[in-house]
Amino acid sequence: MPAIEPNDPAVFTAELSTPVSSEPLPFEDSRRLTGINLYFAGTGAVLETLGVLPDETLRHAWRVNVSLARDALGWPHAPLFERQHVGGAALAFEAPIDQLYSATEVNEWAWLATLADALAMNVGLHAPGHPATWDRDSAFHTLRALAAAERRPGLIALMQAAEAKGLAALADDDAVSIGEGRGSRVWPIGQLPAVGDVDWPSLHDIPVAVVTGSNGKTTTVRLLAAMVRAHGWHSGHSCTDGVFIDGEAIDSGDFSGPAGAREVLRQPTVDAAILETARGGILRRGLAVRHANVAVVTNVSDDHFGEYGIHTLDDLAQVKLTVARALGTTGLLVLNADDAMLVKHAATIGVPLAWFALDEAHPILQAHRARGGSTCGVREGRLYLHYLGVDHDLGSVAEMPLSFAGSAAYNVANISAAVLAAMALGISAETMVTVLASFGRAHADNPGRLQHWQLGRLKVFVDYAHNPEGLRGLLGVARSANENGRLGLVLGQAGNREDADIRELAAVAASFHPQRVVLKDIDGFMRGRVAGEVADILRNELAVRGVPADAVVECLDEIDAVRGLLAWAQDGDMLVLPTHGTQARQAVVTLLDQLQATHWIAGSTLPQY
């Protein structure tokens, strides 16, 4: 896109009909949608109203204003979308991919003009601040100037030519690519070729899998990427820890959004791509890809409520299932039959389905197999894949390291999801069996997910567990490994969770009767909370749930919290360390590796590494 931002004074020179207020604007968020999203399967813009639940009169006025602006800009009249929720509404519409900054300005003007007109008519509307808007002529003059500066006809021509040839095309502010992985070519946004100058025969797409869900995404992605490599392909995967080519990091950080997907898909050595696709990226920008061969939804559990108008499990399920829009009529959607929300919403999904569950005899799996569908589940301790009418025995679940001797039920679910996705990508059952027999044995296979150390008789678990369901699963596995030892736990939460979600995390912790809880902050995830604020909420809920006050201590630094718990531990105890920051997790793993290498025993002096 052009190097121009909304509100650039070089473009926005028109005078406002009302002085701009210093008070907050009457909308919470206004953003571009650069790919398939919750509202439609194209590109456009969405605005989140703030403190206003638009009635039909306001929504109609917004629709009229958007339509007038589209006419002024010569844009096509695609459908408009309105999604109401308890905090307001999301107002969205499609717009050309080279006009998305302009689209956000159109949306803001349409909403502000709607509020200004409503207030002028004394309809009793209360809105934050004092809506200020251009008069229509000034608004359209300015919007035309912005749209003209942003327009890239060469980009539109390339995207249309790629679509006509059945090729993926990815565009962002800096670059455009056509094809994927080994079959891709990338150009800087300012140096796009003419359609006739592209070497089209050299371009092609690659197999792509998209993985989303509330828990288990990264584990499923890593396992599936390992199967891709064992199949003989060069793998590319993106996840919350970074971007990886053949298992080696080329970028670190949280790349579970569109930027990570694009980076993988533009790597010239990649034969197949496995893309973790988090809720936040779907809501902020949409999917990076327009087509995938297979998509997995691991589960839907309470998490991230309150952001972007997502307040319920139903809302969250709809967000996760956005990935189905990228499958067309030939892709496969892999769903968890043990998840009531996914079962409920599956009836509205018009793409081919595959189901997994812990029990192969689950009624949904039985019925799906009877209709010729594909399933994966456990029967008499062994994992069975049923695909295209053929049964495959993939081995004893207890002997798969990732299952932690069968006690990590959530990882058995992740294994089943990965198996179905791998089969959809063309990977053989024999290759899966080989990978499942070893993956998870080494810490490097799945860092930060159910890693465990034995320090004398002290058992230590490190995991990313970031929501109540994830923590419940982790504590369940830890307790099964040591039923009688004391339980010590480090506990913290990201600041962008609602108070109720933070309290639920504490409630889960309390239900396992820990003898020690060390409360921490998560550096880099405060999200507007002050230091110790989350810890206070956790402490209060732990007390309500019966955890003794002297069992709870506060140590806000993640590393110091872990060291404090290790210093408290005795031989025979069990420590659970949900560790979230990438640097903190690496430091904790290094510390535990060093303790194991030096045969440190709990109760002895903790070295100052």
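Reading guide: rules and limits
- Starting from 1, residues in each chain are numbered consecutively following that chain's sequence as written.
- pLDDT decides what is reported in this predicted model: residues at 70 or higher carry local features, side-chain atom pairs at 80 or more are listed and counted, and totals for whole chains, interfaces and linings draw on all residues regardless.
- Excluded from the side-chain calculation are hydrogens and water; included are all heavy atoms of the structure.
- We define a nonpolar core as any set of buried Ala, Val, Leu, Ile, Met, Phe, Trp, Tyr and Cys residues linked to one another through side-chain atoms lying within 4.5 Å.
- Classification of residues uses two cut-offs on accessible area relative to the type maximum, computed with a 1.4 Å probe and protein chains only: under 20% is buried, over 50% is exposed, and between them is partly exposed.
- Note on contacts: a residue pair qualifies if any of its non-hydrogen atoms lie within 4.5 Å across the two residues.
- Secondary structure is summarised from DSSP: a helix means a run of H or I of at least four residues, a strand means a run of E of at least two, and numbering begins at the N terminus for each.
- Strand pairing is assigned whenever DSSP identifies at least 2 bridges connecting the two strands.
- Each axis is a line fitted through C-alpha atoms, taken for helices only over the stretch in contact, and angles between the N-to-C directions span 0 to 180 degrees.
- An angle below 35 degrees is read as roughly parallel, one above 145 as roughly antiparallel, one from 65 to 115 as roughly perpendicular, and any other as oblique.
- Left-handed is the label given to a crossing in which the near helix is rotated counterclockwise from the far helix by less than a right angle, and right-handed is the label when the rotation is clockwise.
- In the scheme used here, Gly and all other residues not listed as nonpolar or charged are polar, with Ala, Val, Leu, Ile, Met, Phe, Trp, Tyr, Cys and Pro taken as nonpolar and Asp, Glu, Lys and Arg as charged.
- Only centres within 6.5 Å qualify two rings of Phe, Tyr or Trp (six-membered ring in Trp) as a pair; their planes then separate them into stacked at under 30 degrees, edge-to-face at over 60, and tilted for everything else.
- Counted as over-ring charges are cases with an Arg CZ or a Lys NZ within 6 Å of the ring centre that also lie within 35 degrees of the ring normal.

J.: An account of the nonpolar core is requested, with residue identities and associated values reported.
T.: The tendency in soluble globular proteins is for nonpolar side chains to be buried side by side. Counting residues in hydrophobic clusters, the biggest one holds 53 residues, and the most contacted among them are Y39, V208, L265, L275, L333, L335 and L353. If we ignore the near neighbours within four places in the chain, the residues touching Y39 are R31, L33, V46, E48, F81, R83, A90, A92 and R325. Core analysis: the second largest hydrophobic core is formed by 43 residues, F356, A417, M423 and L425 among them.

J.: Tell me what's going on with the environment of A90, and back it up with residues and numbers.
T.: Mapped onto the elements, A90 comes out in strand β4 (residues 88–94). With a relative accessible area of 1%, A90 lands in the buried category. Sequence spacing of A90 and P54 is 36 residues, and the spatial spacing of their C-alpha atoms is 9.7 Å.

J.: Talk me through unusual backbone geometry; I want residue IDs and the actual numbers.
T.: The backbone phi angle of L388 is positive, close to 50°, even though this residue is not glycine. Position of L388 among the secondary structure elements: in the loop between β17 (382–387) and β18 (390–396). Accessibility expressed as a relative area gives 65% for L388, which makes it exposed.

J.: Could you give me a rundown of the sheet that holds strand β12 (residues 272–276), with the residues and numbers involved?
T.: Note on sheets: strands pair through backbone hydrogen bonds, and any given pair is parallel or antiparallel. Overall, mixed pairing links the 11 strands, which are arranged β11-β10-β9-β12-β8-β13-β14-β15-β16-β17-β18 in an open sheet. With partners counted over all chains shown, the strands left at the sheet margins are β11 (248–252) and β18, one partner each. Across the sheet, the mean angle from the axis of one strand to that of its neighbour is 15°, orientation sign disregarded. Across 4 bridges, the pairing between strand β8 (residues 208–212) and strand β13 (residues 294–297) is parallel. Within β13, the position partnered with T212 by the bridge is V297. Helix-sheet contacts for helix α11 (residues 409–425) involve β8, β12, β13, β14 (332–336), β15 (353–359), β16 (374–379), β17 and β18, and the interaxial angle to β15 is about 150°. Sheet strands in contact with helix α12 (residues 429–436) are β17 and β18, and its direction is about 15° off that of β18.

J.: Residue-level account of the packing of helix α14 (residues 499–510) against helix α15 (residues 533–544), with values.
T.: At a minimum axis distance of 8 Å, the contact between α14 and α15 shows a crossing angle of 50°. Accordingly, the angle class assigned to the pair α14 and α15 is oblique. Once α14 is placed against α15, the crossing between them reads as right-handed. Where α14 abuts α15, its residues D499, I502, R503, L505, A506, A507, A509 and A510 lie against V534, I537, L538, E541 and L542. Looking at the contact of α14 with α15, its residues break down into 10 nonpolar, no polar and 3 charged.

J.: Can you explain the pairing of β8? Please cite residues and give values.
T.: In terms of burial, β8 is largely enclosed, as 5 of its 5 residues are buried. On β8, burial covers both faces: V208, V210 and T212 on one face and A209 and V211 on the other are all buried. Note that β8 and β12 share 4 bridges and pair parallel. Across the sheet, residue V211 finds its bridge partner in β12, namely E276.

J.: Now, about the side chain of T322: what can you tell me, with residues and values included?
T.: Mapped onto the secondary structure, T322 falls in the loop between α8 (313–320) and β14. Residue contacts for T322: discarding those within four places in its chain leaves I36, N37, L38, I282 and L287.

J.: Tell me about the sheet that holds strand β3 (residues 80–85), residues and numbers included.
T.: A sheet is described by the order of its strands in space; here 4 strands give the open sequence β1-β2-β4-β3, paired in antiparallel fashion. Looking along the sheet, the strands with just one partner apiece sit at the ends: β1 (27–33) and β3. Averaged over neighbouring strand pairs, the angle between their axes works out to 15° when direction is ignored. Of the strand pairs in this sheet, β3 and β4 are connected by 6 bridges, and their pairing is antiparallel. Its bridge partner being in β4, F81 is matched across the sheet by A92. Contacts between helix α2 (residues 100–120) and the sheet are confined to β1, β2 (44–49) and β4, with β1 contributing the most and set at about 150° to the helix.

J.: Which residues make up the packing of aromatic side chains, and what values go with them?
T.: Counted according to the given criterion, the structure contains 3 aromatic pairs. With a centroid separation of 5.3 Å and 40° between ring planes, the pair formed by F40 and F81 is classed as tilted. Of this pair, F40 sits in the loop between β1 and β2 while F81 sits in strand β3; the two residues are 41 residues apart in sequence, bridging distant segments of the chain. Centroid distance F404 to F461: 5.7 Å. Interplanar angle 65°. Geometry classified as edge-to-face. On the criterion of sequence distance, the pair formed by F404 in the loop between β18 and α11 and F461 in strand β20 (residues 458–463) is long-range, its members being 57 residues apart. With relative accessibility at 1%, the residue F461 sits in the buried group. The aromatic ring of Y464 is capped on one face by R449, whose charged end is 4.4 Å from the ring centroid. Seen from the ring of W568, R486 lies directly overhead, with NZ or CZ sitting 3.9 Å from the centre.

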